[in-house]
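This is what each chain is made of:
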Amino acid sequence: RGQQRHPSWLGYVWPKQVGALAQMWDSETFPRPEPGLAEMDPGLQLADGIEFFMDDYNEDTQDDDDFEPSHRINAFAPGLGSLANHDGDFVNIDRHYHSSRVDYNFQTAPWDAGVGAFTPHHNMLYTTFRDVERGMELFLDYGEAFHDHALKRNDQLRKIQGKKKRAVTGFADDISRDWDFMEEHQVKQCPTELATEKAKRERLKVGMGVDSSILPGDERPYTEYRPNDHHPADEEDEEDEEDEEDNDDDKRYGWNVKPLEWLYDNGVCLSSGKLWTGTSDAEYTGRAVFSTAGIAKGEVVLTTPLIALRRDDFRIYKSDPDAEHVRDTVDKSTVIGDELLFNYAYGHPDSPMLLVPNAPMANFINHGGEEDANVQIRWPTAGSKTARLFDWAYNRQKEDIYDDKFESTNHNAWLKDHPIDVMEKSGKLAFEYVALRDIEEDEEILIDYGPLWDDAWYTFQATHPYARSGYFRHSIGVPDGFYPDNWLDVTDQYEIAEIQDLENYPLEPGVALPMTWAHNGKALSPKYGYIVGLEKGFSDRFLAYSEETGVIELYRKLLTEQEGFRLESDEFTTYKPGALTNTSNASDEEMEFFAQKYKADIYRFNMHFVAAWNEAARKNVIDGLGDAGFDLAVKAVGERFGYDNITCFHASYMGMTHCDKALMHSDIYATNDKSWNIVFPLITVEGTEPELNIMAEDMNTVVGVHYLKDIAYAMGDFGFHQTRPSNYFDPSQSDGEESAAPIRVVFGAYCSQIDETNIAMLRHIYDGDDPAPFADQFTELPMREVHWTKTGSATLRHPEGSGLPETCEN
């Protein structure tokens, strides 16, 4: 759901089992990101410390000594269940399971309209199981999986505290030091000696690959390599050599206790201390909040943090968990209902964002209408302790500490932000319930849910029970003017500004720009997400070249699995595509390409890579790129990032017709920010969903983009991306019309400034899962071919380098 791998609500919903709230494969990436990189982590998705049951104790079972709840469910638990933190060493409270009750206050379905409109679960109590002194923080046990994840994440966050960002020429902003951990980890994985082609082929299943060691004469791609003289792990970064702090200092006794004086000055009482919960006497209601003492007009009755959610988070879609394909599990074209939590959310009909209170008792406040309401909501007032606390929480950086020295300079900052930004900081904003008049002791606390809620409720109530479409669902309305104008009539979808309106704001050819969010202008990824303008007509010219050389015809046969062109998963073989078309010439027919069907059994797609296998094909493809105008793109990247030179060391076609699930991955990583995978389309299928997912630098937000003609996406070190699910054509379900099957073909060029800092890593990357016929280009420096220099002396068709004569004119 949505565009985030770990949406913020995962931090507040207890799963019936670890991983129950998200597809775990959807959270996997290669290389695996360090936990400290994710601005939103899996939250309670990894928790199993508290269990919630559908069949809690009720009037019929509470006296049955043998009854034990058994049906586990996913549950949102406001109050301590969503406010108490976890610390494995200092857990001091736990849920008292036998206190929980489930009932609808003697209402009966379907005759009573209130049944299903409020939660029947209530009276969930917590007990201490060790001494808790005044001012001590309360901790719950989130479980072992959560604890292990949190330890690793917190350890990394401690290491980067106080470190400045790393300035790199040409990037949108300075790069977070968090990425240094990823860099260091991957560098250590880089082998000190490159495997031979024969050794790599022997790792494949028998019969699945071509053993290049048996190829005759000069056709052998490469043989033995000397030991790696440029291994990046051999050079230590002195700036990063810091003595780690003793973790025992963080566990010193008393760190989790605050003096009462400090709490009075800096903390916030979520309740006025004058409230209790009980059963409401109002018709169609369940639990309620009552006053235990007189409350004066204008007094803050209750303060609550707010979970900010998309409307779409509450939708329940038609689903088929047993569907053959993951892409068919959820049918988002068919809404079958809304979550019960929708009834507890506050919102405006013109805003995509809803706010769910999660303070104790806040969700028990019932509707009193305009006449009987005795409280209303408001934002924290400037200068109040509530304003100070939540201003800090909303604006804080990782290393910030909340103390009496903090001064609020950006009051209620969420009111100025776009709803997308507010939802990314869910739980860090708050509002207050304030008395509209003097409230007497034992009086029920009531609020006005608004006229839209009133209309919806009375319509539902007046409908015959057998004519109702389901349970009552409607959000609580906020007062007029409560939502600022910038929260209204806006989208909650992440969009990239540079491609949002190309008709009126076309991308300039030869310019590399960071992708920025349309809603706030911030870079999607200062480190690796860029967009490059290509020459007008470039895509058509390179497509024509690819058709003339027979590569496109080869794809039509491979993707429709015609006789002689059907590959098994991970199998590769070589073809001469020039022999497949009448448009090729003699030199075209000499070119040999390999085709590989990449991990089809794992990711359930038919992605085929096609790339040069012999030198004639490699040189011809590079020349074809140059003739079509790709030099402009290479120059744009080189000048943007201040490189001395660039070599396009690998170029590959990628084609497919269907995809069920693909890996979020980065093709290039840990090359000292000097390498880019530049991808552009040749053939796309019109009228389809976006084809490519790009993950933002927060390692959480994912945006889907269309491939666009004469535009390339450039993804640098750790540029995580993913093929999106699609189903243009499935050969296994073919009706015999293979020749007319829609296909998608894109092209990617790996371009890098290759030097002593990254040659070993690039050689390791190139000699990965795919065939690597030209790995010998990484045996020595300077590189044999350089396709761009900052002086402008080298081009794709006329390269420079150690492998070419100085007077070579081609």
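Preceding this section is the structure that the text describes.
Peer 1: Looking at this structure, how should I read the overall build of the chain?
Peer 2: For the chain, the helix and strand inventory stands at 16 helices and 37 strands. Relative to its full complement of 810 residues, the chain shows a buried share of 52%. If you take every contact in the chain between residues at least 6 apart in sequence, the share linking residues at least 24 apart comes to 76%. With an accessible surface of roughly 38,000 Å², the chain has 46% of that area assigned to carbon and sulfur atoms.

Peer 1: So what exactly am I meant to see when it comes to the pairing of strand 27 (residues 645–656) here?
Peer 2: Looking down a regular strand, the side chains alternate between one sheet face and the other. With eleven of twelve residues buried, strand 27 lies mostly within the body of the structure. Across four bridges, strand 26 (residues 608–612) lies against strand 27 in antiparallel orientation. In the sheet register, Val610 faces strand 27, and the bridge partner there is Tyr653. As defined by bridge partners, strand 27 adjoins strand 37 (residues 788–789) across two bridges and the pair is classed as antiparallel. Each bridged residue has a counterpart across the sheet, and for Ile646 the counterpart in strand 37 is Trp788. With nine bridges connecting them, strand 27 and strand 36 (residues 744–752) associate as antiparallel partners. In the strand pairing of strand 36, Gly655 is matched with Val745.

Peer 1: How should helix 15 (residues 631–640) be read in this particular structure?
Peer 2: Side chains three or four residues apart in an α-helix point the same way, a direct result of the helix having 3.6 residues per turn. The set of residues buried in helix 15 consists of Ala633, Val634, Ala636, Val637 and Gly638. Tucked inside the fold, the buried residues of helix 15 contact strand 22 (512–514), strand 23 (529–533), strand 27, strand 30 (675–683) and strand 37. Downstream of helix 15 by a residue or two, Gly642 has a phi angle that is positive, lying close to 70°.

Peer 1: Just to check I follow, could you spell out the packing of aromatic side chains for this structure?
Peer 2: Working definition: an aromatic ring pair is given by the centre-to-centre distance plus the angle between the planes. This structure, assessed with the given rule, holds 59 aromatic pairs. Their ring planes at 85° and their centres at 6.0 Å tell us that Tyr603 and Phe605 sit as a pair that is edge-to-face. According to the relative accessible area criterion, Tyr603 is buried, its value standing at 15%. Their ring planes at 35° and their centres at 6.3 Å tell us that Tyr669 and Phe718 sit as a pair that is tilted. With Tyr669 in the loop between strand 29 (664–665) and strand 30 and Phe718 in the loop between strand 33 (711–715) and strand 34 (721–723), this residue pair connects regions lying 49 residues apart in the sequence. There is no split in this pair, since Tyr669 and Phe718 are both buried. Taken together, the ring pairs connect Tyr346, Trp379, Tyr394, Trp414, Phe431, Tyr433, Phe482, Tyr483 and Trp487 into an aromatic cluster. Positioned above the aromatic ring of Trp262, the side-chain terminus of Lys258 is 4.7 Å from the ring centre.

Peer 1: Quick question: what am I supposed to make of the environment of Glu407 here?
Peer 2: Looking at the element boundaries, Glu407 is found in the loop between helix 7 (385–395) and helix 8 (419–424). Taking the relative accessible area as the measure of exposure, Glu407 reaches 63% and is therefore exposed. Taking the C-alpha atoms as reference points, Glu407 and Gly383, 24 residues apart in sequence, are found 9.6 Å from one another.

Peer 1: What should I look at first to understand the pattern of salt bridges in this one?
Peer 2: Think of it this way: side chains of opposite charge can pair up when their charged atoms draw near. Enumeration over the complete set of coordinates arrives at 30 salt bridges. Close ionic contact of Arg437 with Glu443 constitutes a salt bridge, the shortest N to O distance being 2.5 Å. Across the salt bridge formed by Asp540 and Lys709, the nearest N and O atoms sit 3.3 Å from each other. Taken together, the residues span a long stretch of sequence, with Asp540 in helix 10 (residues 538–548) and Lys709 in the loop between strand 32 (702–705) and strand 33 at a distance of 169 residues. Put simply, Arg166, Arg177, Asp180, Lys527 and Asp673 are held in one network by salt bridges that share partners.

Peer 1: Help me out: how do you make sense of the sheet that holds strand 12 (residues 300–310) in this one?
Peer 2: Sheets are built from strands paired through backbone hydrogen bonds, the pairs being either parallel or antiparallel. Strand order in the open sheet formed by six strands is 18-19-12-16-15-21, with mixed pairing between adjacent strands. Sheet topology places strand 18 (375–378) and strand 21 (476–477) at the edges, where each strand pairs with a single neighbour. With five bridges connecting them, strand 12 and strand 16 (residues 353–357) associate as antiparallel partners. The partner of Ile307 across the bridge, within strand 16, is Val356.

Peer 1: Any chance you could explain the pairing of strand 11 (residues 287–291) here in plain terms?
Peer 2: By the criterion of burial, strand 11 is predominantly enclosed, with five of the five residues buried. Here strand 11 shows a buried face lined by Arg287, Val289 and Ser291 and a second buried face lined by Ala288 and Phe290. Note that strand 10 (residues 275–279) and strand 11 share five bridges and pair antiparallel. Looking at strand 11, one finds that Thr277 is bridged to Val289.

Peer 1: Would you take a moment to explain unusual backbone geometry for this structure?
Peer 2: Among all residues except glycine, the phi angle is most often negative; among peptide bonds, the trans geometry is most common. Of note, the amide linkage connecting Phe30 to Pro31 takes the cis form, showing an omega dihedral of -10°. Mapping Pro31 onto the fold places it in the loop between strand 2 (29–30) and strand 3 (75–76). One non-glycine residue with positive phi stands out, namely Met361, at about 80°. With respect to the helices, strands and loops of the structure, Met361 is situated in the loop between strand 16 and strand 17 (366–367). The phi torsion at Asn672 lies on the positive side, around 65°, for a residue other than glycine. Inspection of the secondary structure puts Asn672 in the loop between strand 29 and strand 30.

Peer 1: Whenever I open this one, the nonpolar core confuses me. Can you help?
Peer 2: In summary, soluble globular proteins display a tendency toward joint burial of nonpolar side chains. In terms of nonpolar packing, the biggest core is built from 84 residues, with Phe542, Phe630, Tyr653, Phe680 and Phe747 touching the most fellow members. Contacts of Phe747, omitting those with residues within four sequence positions, involve Phe542, Val621, Leu625, Ala651, Ser652, Tyr653, Met654, Ile678, Val679, Phe680 and Leu682. Membership of the second largest hydrophobic core comes to 45 residues, among which are Tyr346, Leu355, Leu429 and Ala430.

Cut-offs and rules
Residues numbered from 1 in each chain as written. Predicted model: local features only at pLDDT ≥ 70, side-chain atom pairs only at ≥ 80, totals over all residues. Heavy atoms only, no water. Helix = DSSP H or I, 4+ residues; strand = E, 2+ residues; numbered from the N terminus. Buried < 20%, exposed > 50% of the residue type's maximum accessible area, 1.4 Å probe, protein only. Contact = heavy atoms within 4.5 Å. Areas by Shrake-Rupley, 256 points an atom, 1.4 Å probe, with all protein chains shown as cover. Pairing = 2+ DSSP bridges. Phe/Tyr/Trp six-rings, centres within 6.5 Å; stacked < 30°, edge-to-face > 60°. Lys NZ or Arg CZ within 6 Å of the ring centre and 35° of its normal. Salt bridge = Lys/Arg side-chain N within 4 Å of Asp/Glu carboxyl O. Core = buried A, V, L, I, M, F, W, Y, C linked by side-chain atoms within 4.5 Å.

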